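Working through the structure, step by step
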Amino acid sequence: MTAVELALAFAAAMLAAGACGWGLRALRGSLGADAPDAAQADALAARLAEAEDLLDQEREAARAALAEAEARLAETQARLGGALAERQAELDATMDIVGSLRQRVEALRRGDDAA
């Protein structure tokens, strides 16, 4: 997973957390100045517990997605690192061939200049 995808997963988790926070703030604001009675307090406590559970689920889902993304990123980096090492070895071999060909050309030129 790319850094952009990781950032998007993190942003989604933060958005979910923000939405839960906004909902909790709205819930608290709906209480107003009047003290709630026992039934209202129980209902609000239940809604708060439900919102907290939802927030915990979203956090866990975001953590799981992030862990999966990190694992995929590590796998991709390892694969690309291996491919890069192969390409570097091929380049080194090609440069050795080019160097030996240059030496042969120089040897042939020296041979032609002497003739």
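Residues numbered from 1 in each chain as written. Predicted model: local features only at pLDDT ≥ 70, side-chain atom pairs only at ≥ 80, totals over all residues. Heavy atoms only, no water.

1. Structural notes on the overall build of the protein chain
- Counting secondary structure elements, the protein chain contains 2 helices and 0 strands.
- When the 115 residues of the protein chain are sorted by exposure, 9% land in the buried category.
- Roughly 9100 Å² of accessible area belongs to the protein chain as shown, and the carbon and sulfur atoms make up 60% of that amount. (Helix = DSSP H or I, 4+ residues; strand = E, 2+ residues; numbered from the N terminus. Buried < 20%, exposed > 50% of the residue type's maximum accessible area, 1.4 Å probe, protein only. Areas by Shrake-Rupley, 256 points an atom, 1.4 Å probe, with all protein chains shown as cover.)

2. Considering the layout of surface pockets
- Quantified by volume, the largest pocket comes out at close to 190 Å³.
- In terms of lining residues, the largest pocket is bounded by A9, F10, A13, M14, A17, R59, A62, R63 and L66.
- Secondary-structure elements contributing two or more residues to the lining of the largest pocket are α1 (3-31) and α2 (38-114).
- No other element matches the 5 residues that α1 contributes to the lining of the largest pocket.
- Here the lining of the largest pocket is composed, by residue class, of 7 nonpolar, no polar and 2 charged. (1 Å grid on protein atoms, 1.4 Å probe; cavity = no way out; pocket = protein on both sides within 12 Å on 5 of 7 lines; lining within 4 Å. Points joined across faces, edges and corners; volume = space filled by probe spheres on them. Nonpolar A, V, L, I, M, F, W, Y, C, P; charged D, E, K, R; others polar.)

3. Things to note about the environment of E5
- Along the polypeptide, E5 turns up in helix α1.
- In the structure, E5 is positioned 64 residues away from A69 in sequence and 7.8 Å away in space, judged by C-alpha atoms.

4. Regarding the environment of A62
- Residue position: A62 is located in helix α2.
- When the C-alpha atoms of A62 and A9 are compared, they prove to be 6.6 Å apart, with 53 residues separating the residues in sequence.

5. Topic: the environment of A3
- By the element assignment, A3 lies in helix α1.
- A3 gets classed as exposed once you look at its relative accessible area, which sits at 59%.
- Along the primary structure A3 and L73 are separated by 70 residues, whereas in three dimensions their C-alpha atoms are 8.5 Å apart.

6. Concerning the pattern of salt bridges
- If you walk through the whole model with that rule in mind, you get 7 salt bridges.
- Between R63 and E60 there is a salt bridge, with its nearest N and O atoms 3.8 Å apart. Placement of the pair is R63 and E60 together in helix α2, with a separation of 3 residues, close to one helical turn.
- For R63, a relative accessible area of 53% corresponds to the exposed category.
- Given a relative accessible area of 48%, E60 falls into the partly exposed group.
- Because the salt bridges share partners, they merge into one network encompassing E5, E68 and R72. (Salt bridge = Lys/Arg side-chain N within 4 Å of Asp/Glu carboxyl O.)

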